[in-house]
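Fold and contact review
Here is what each chain is made of, one letter per residue.
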Amino acid sequence: MSSFFLTTAIDYVNSRPHLGTAYEKITADVIARYHRLKGDGTWFLMGNDEHSQNVFKRAQEQGKDPLAYCDEMEQIFREVWRGLDISFDDFIRTTDRRRHFPAVQRMAQACLDNGDIYEGTYEGFYCVGCEEFKPEKDLVDGLCPIHKTKPEWIKEKNWFFRLSKYQQPLLKFYEEHPSFIEPEVRRNEILRFVEGGLEDLSMSRAGQSWGIPLPFDPTSVVYVWFDALINYAAAAGYGWDDAQFARRWPANLHIVGKDITRFHCVIWPAMLMSAGLPLPGQVFGHGWVFFKGERMSKTMGNIVDPLDAAKRFGPDPLRLYLTKEVVYGADGDFTWERFEEKYNADLANNLGNLVNRVAAMSERYRQGRLLARGGESLATIAADATSAYRKAMDGLALHEGVAAAYRLISAANEYIAETQPWSLAKDPAKAEQLSGVLYDASEAVRIAAVLLLPVMPSSAAEILRRLGDTTAPGNLRFDTAAAWRASGERGILNAGALWPRLEDKGAITVSETTPTAASGSPAPAPAAPAAPSAPVAPPAPDAPAIDSDKITIDDFMKVQLKVAKILEASNVPKSKKLVQLKVDVGEAEPRTILAGIAESYQPEQLVGRTIVVVANLKPAKLMGIESNGMVLAASPEGGGALLLNAEPAVPGTRVR
RNA sequence: GCCGGAGUAGCUCAGCCGGUUAGAGCGAGCGUCUCAUAAGCGCUAGGUCGGCGGUUCGAGUCCGCCCUCCGGCACCA
């Protein structure tokens, strides 16, 4: 028996998980369950990332102790994961003092001992707004690019990780382990990034309490990225249980979003090299699941709560949709319309109906008793599907694995149409043939259910139960379970529709803006019998405290907004986003302002428009041109810009 | 701008090292069985395979240029 240790990224606990977060966990869970089915000693790790200043702030805003806040969030996360049938074996939090603290401290010490952590008196620009140091190259005209404030020059004791030292070792490692980074797109990105040279990284913060103290400098805490990555080793036992760690480490697979592959493919391996530890087998950077083609975001109000689907149908239809419809590694799209379509086609019409008709005929013609036989055409198709499935799943082509299972389901439906058991039943001379046909059909369904076990655990188990397989799903082993059974007798249970069809187009109506609100629509279908017994009823989480983000009228008045008329506009050479504007702000001389709207507007569309600008912004230089102000534009999440129209106000007019 | 990836039927996508009438699933239309959840099964879809040029006996499939989209980096004040 081989072992398989896989992880997902640990999540920030700023808000409850949305569909995108759930997608990562669901696919990882499918992989984990697949390995368990194969008989691998599987260890599936998840967790929360809590030592972030944002978390600390969010807790303060709500007047809570940060740890208490994290405790609450953990319950919310676990609730969602339970609702989606995520079968993690371990859940670690970075505030875990028993496991995570010693691991982080051990690793920091190990890196130090290896000469890869050094002290620097960080003399640098510190932006109070960001609560972080700003590299000089990120400053624009000496100002924080985000807060437009002048960062303070701070001299702080700071520890650095010698990442630069690992450029060559990393490149060598990538070369020797071509499948370390998947999919290939991500690999190419990382290769180019590392080839471009690596800089040392600050890995500590001074004078903070929210974090893990450095063993060799208790006045500093470990910076979040260094802290967070170590969770994988911490859960395995690093720093607190060497025997367990030796058994479990290294991880076979890190499942992460494509946005953080760099951390996992560059920094994390470098840290492990420094600490003298084996490197993980593979990092897989999955894509995003969009909603109606757009990135989900709170500001867009298009967050899909994964539990909205799970509450109605159980987690399985959603799990199936996400693994079958999205090419694993690429971006995908979720819409309720599509979800409903797939639900009807894949579950109600094909699999569910198939189970039903096989069970109904078995009951009617054979009182639910079927005798095994060798099988004919279907046995061959099942064998093909099984090997295609296995190959796909081993290569993390989850969508192809599911497709293979569905080929078998289709074949079974076709087989029934061809053999026409109902006709055979009319002729007593064909009794034996009828028995064989029914058995073959049931056997094909049984094998398909085995293949779908990782994707739809409870539904597949329910199908197996109806087909008379009394083995506990956890005890099934792929090699024997997915093989055609040529002997024995089985009792078939006819127990009604697993997935009732959704009849009305648009039957699923879900509030998109208030993810936790109960939908007022009549429930289109009862929850599948195979759904977990405990319906998920997430507690309403505390609304994010927005109040403390509010500013006073005085704050606002610091910003001088003025009406301006665009006199000239031209694209900035060699720039994709910048447009150079000459605007009349009611002053003696027109101003030059740069705006990042070149992707949305042609210069000629701009001339003559009356817009709103920030008039008292400090000048900044961009692409060698000085900009004296900023134009206001709506910037949708998906990109682009929409200038605010100030027609017909006169240039120079104050806006407030 | 640089570096990657992609542009194939209404939708989502397969098409390996170039080779007969370019495929699948979903949706739609038509037909049909009746065991089944008005499900299943069969047939139909006439798509300039982004555009132009080239290599070749022959190109979605290779080469060049162009257009569009996506991602990464560099300027989104």
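Given the structure is predicted, the values throughout are model-derived calculations rather than measurements. (Residues numbered from 1 in each chain as written. Chains lettered and ligands numbered in written order. Predicted model: local features only at pLDDT ≥ 70, side-chain atom pairs only at ≥ 80, totals over all residues. Heavy atoms only, no water.)

Moving on, we get to the overall build of chain A. Each helix and strand in chain A was counted, giving 21 helices and 28 strands. With 656 residues in all, chain A has 52% of them scored as buried. Intrachain contacts of chain A at a sequence separation of at least 6 include 75% that bridge at least 24 residues. Taken as a whole, chain A presents about 28700 Å² of accessible surface, with 51% of it coming from carbon and sulfur. (Helix = DSSP H or I, 4+ residues; strand = E, 2+ residues; numbered from the N terminus. Buried < 20%, exposed > 50% of the residue type's maximum accessible area, 1.4 Å probe, protein only. Contact = heavy atoms within 4.5 Å. Areas by Shrake-Rupley, 256 points an atom, 1.4 Å probe, with all protein chains shown as cover.)

Scanning the entire structure with this criterion turns up 28 aromatic pairs. Relative to Phe339, the ring of Phe313 has its centre 5.8 Å away and its plane inclined at 45°; by these criteria the two rings are tilted. Residue Phe313 is found in helix α11 (residues 306-313), and its partner Phe339 is found in helix α13 (residues 336-366); the two are separated by 26 residues along the sequence. When the centroid spacing of 5.8 Å and the interplanar angle of 40° are considered together, the rings of Phe334 and Phe339 count as tilted. Here Phe334 matches Phe339 in class, with each residue buried. A cation over an aromatic ring shows up here: Arg106 above the ring of Tyr238, its NZ or CZ 5.2 Å from the ring centre. Cation over ring: Arg262 sits above Phe193, and NZ or CZ is 3.7 Å from the ring centre. (Phe/Tyr/Trp six-rings, centres within 6.5 Å; stacked < 30°, edge-to-face > 60°. Lys NZ or Arg CZ within 6 Å of the ring centre and 35° of its normal.)

Let's shift gears to the environment of Ile86. With respect to the helices, strands and loops of the structure, Ile86 is situated in the loop between α3 (66-83) and β4 (90-93). In the structure, Ile86 is positioned 61 residues away from Lys25 in sequence and 6.9 Å away in space, judged by C-alpha atoms. In this view, Ile86 contacts Lys25, Ile26, Asp29, Phe44, Met46, Trp81 and Arg319; residues no more than four positions away in its chain are not counted.

As a packed pair, helix α17 (residues 431-452) and helix α18 (residues 457-466) sit with axes 8 Å apart at the nearest point and diverge in direction by 155°. Classified by the angle their axes make, α17 and α18 are roughly antiparallel. Along this stretch, α17 crosses α18, giving a crossing that reads as left-handed. Contact residues: Val445, Arg446, Ala449, Val450 and Leu452 in α17; Ala460, Ile463 and Leu464 in α18. Taken together, the residues of the contact of α17 with α18 break down into seven nonpolar, no polar and one charged. (Axes fitted to C-alpha atoms, helices over the stretch in contact; angles between N-to-C directions. Parallel < 35°, antiparallel > 145°, perpendicular 65-115°, else oblique. Left-handed = near helix turned anticlockwise from the far one by under 90°. Nonpolar A, V, L, I, M, F, W, Y, C, P; charged D, E, K, R; others polar.)

Assigned domains within chain A: domain 1 (348-491) and domain 2 (555-655). Between the C-alpha centres of domain 1 and domain 2 the distance comes to 65 Å. (Domains from an automatic or database assignment.)

The subject of this paragraph is the confidence of the model for chain A. On average, residues of chain A score 84 in pLDDT, and 85% of them reach the 70 mark or higher. Long-range and interchain partners of residues 510-549, a stretch whose pLDDT sits below 50, account for 67 contacts in this model, where long-range means more than four residues apart. Across the interfaces of the predicted complex, the ipTM metric reaches 0.89, alongside a pTM of 0.81. (pLDDT = per-residue confidence, 0-100.)

Burial within strand β13 (residues 253-257) is extensive, with five of its five residues counted as buried. Where burial is concerned, the two faces of β13 agree: the one with Leu253, Ile255 and Gly257 and the one with His254 and Val256 are both buried. For strand β1 (residues 3-8) and β13, the ladder comprises three bridges, and the chain directions are parallel. What sits directly across from Leu6, in β13, is Leu253. Of the strand pairs in this sheet, β13 and strand β14 (residues 282-286) are connected by five bridges, and their pairing is parallel. By the bridge assignment for β14, Ile255 is matched with Phe284. Taken together, β13, helix α10 (residues 261-275) and β14 constitute a β-α-β crossover, and its handedness is right-handed. (Pairing = 2+ DSSP bridges. Right-handed = clockwise from strand over helix to strand, strands pointing away.)

Attention shifts here to the nonpolar core. One broad rule of soluble globular proteins: the nonpolar side chains tend to lie buried together. Among the nonpolar cores identified, the biggest contains 106 residues, and Ile31, Trp81, Leu84, Leu318, Phe334, Leu351 and Ile463 are the most heavily contacted of them. Here this core gets 13 residues from one element, more than from any other, and that element is α17. Setting aside anything within four residues of it in sequence, one finds Ile463 in contact with Leu351, Val355, Val445, Ala449, Leu498 and Trp499. Formed by 58 residues, the second largest nonpolar core is a distinct cluster that contains Val104, Ile212, Ala233 and Met271. (Core = buried A, V, L, I, M, F, W, Y, C linked by side-chain atoms within 4.5 Å.)

Glancing now at the side chain of Arg466. Locating Arg466 in the fold gives a position in helix α18. When its relative accessible area of 3% is taken as the criterion, Arg466 is described as buried. Separated by 3.4 Å, the side chain of Arg466 and the backbone oxygen of Ala495 make a polar contact. (Polar contact = N/O pair within 3.5 Å; in protein donor to acceptor, adjacent residues only side chain to side chain.)

Between its first and last C-alpha atoms α17 spans 32 Å; for 22 residues at 1.5 Å apiece the expected length is 32 Å, and the two agree. With respect to burial, α17 is a largely interior element, 18 of its 22 residues being buried. (Expected span 1.5 Å × (residues − 1).)

A few words now on the environment of Trp240. For Trp240, the location among the structural elements is in the loop between α8 (231-236) and α9 (242-248). Put simply, Trp240 and Arg36 are 204 residues apart on the chain and 27 Å apart in space, counted from C-alpha to C-alpha. A distance of 2.7 Å separates a polar side-chain atom of Trp240 from the backbone oxygen of Ala234.

Summed over the entire model, instances satisfying the criterion amount to 35 salt bridges. The salt bridge partner of Glu79 is Arg82, with a shortest N-O separation of 3.5 Å. Note that Glu79 and Arg82 are positioned in helix α3 at a spacing of three residues, about one turn of the helix. With relative accessibility at 52%, the residue Arg82 sits in the exposed group. With a closest N to O distance of 3.6 Å, Glu325 and Lys342 form a salt bridge. Linking Glu325 in helix α12 (residues 315-325) with Lys342 in helix α13, this pair joins segments that are 17 residues apart in sequence. Glu325 gets classed as partly exposed once you look at its relative accessible area, which sits at 25%. Each member of the salt-bridge network shares a partner with another, and the members are Lys324, Glu325, Arg338, Glu341, Lys342 and Asp346. (Salt bridge = Lys/Arg side-chain N within 4 Å of Asp/Glu carboxyl O.)

Turning our eyes to something else, we now look at unusual backbone geometry. Pro183 follows Glu182 through a cis peptide bond whose omega is -10°. A cis amide bond links Trp249 to the next residue, Pro250, at an omega of 5°. Looking at the secondary structure, you find Pro250 in the loop between α9 and β13. In the Ramachandran plot, Asp85 falls in the positive-phi region, its phi being about 65° despite a non-glycine side chain. Structurally, the position occupied by Asp85 is in the loop between α3 and β4. Phi is positive for Gln367, close to 50°, though the residue is something other than glycine.

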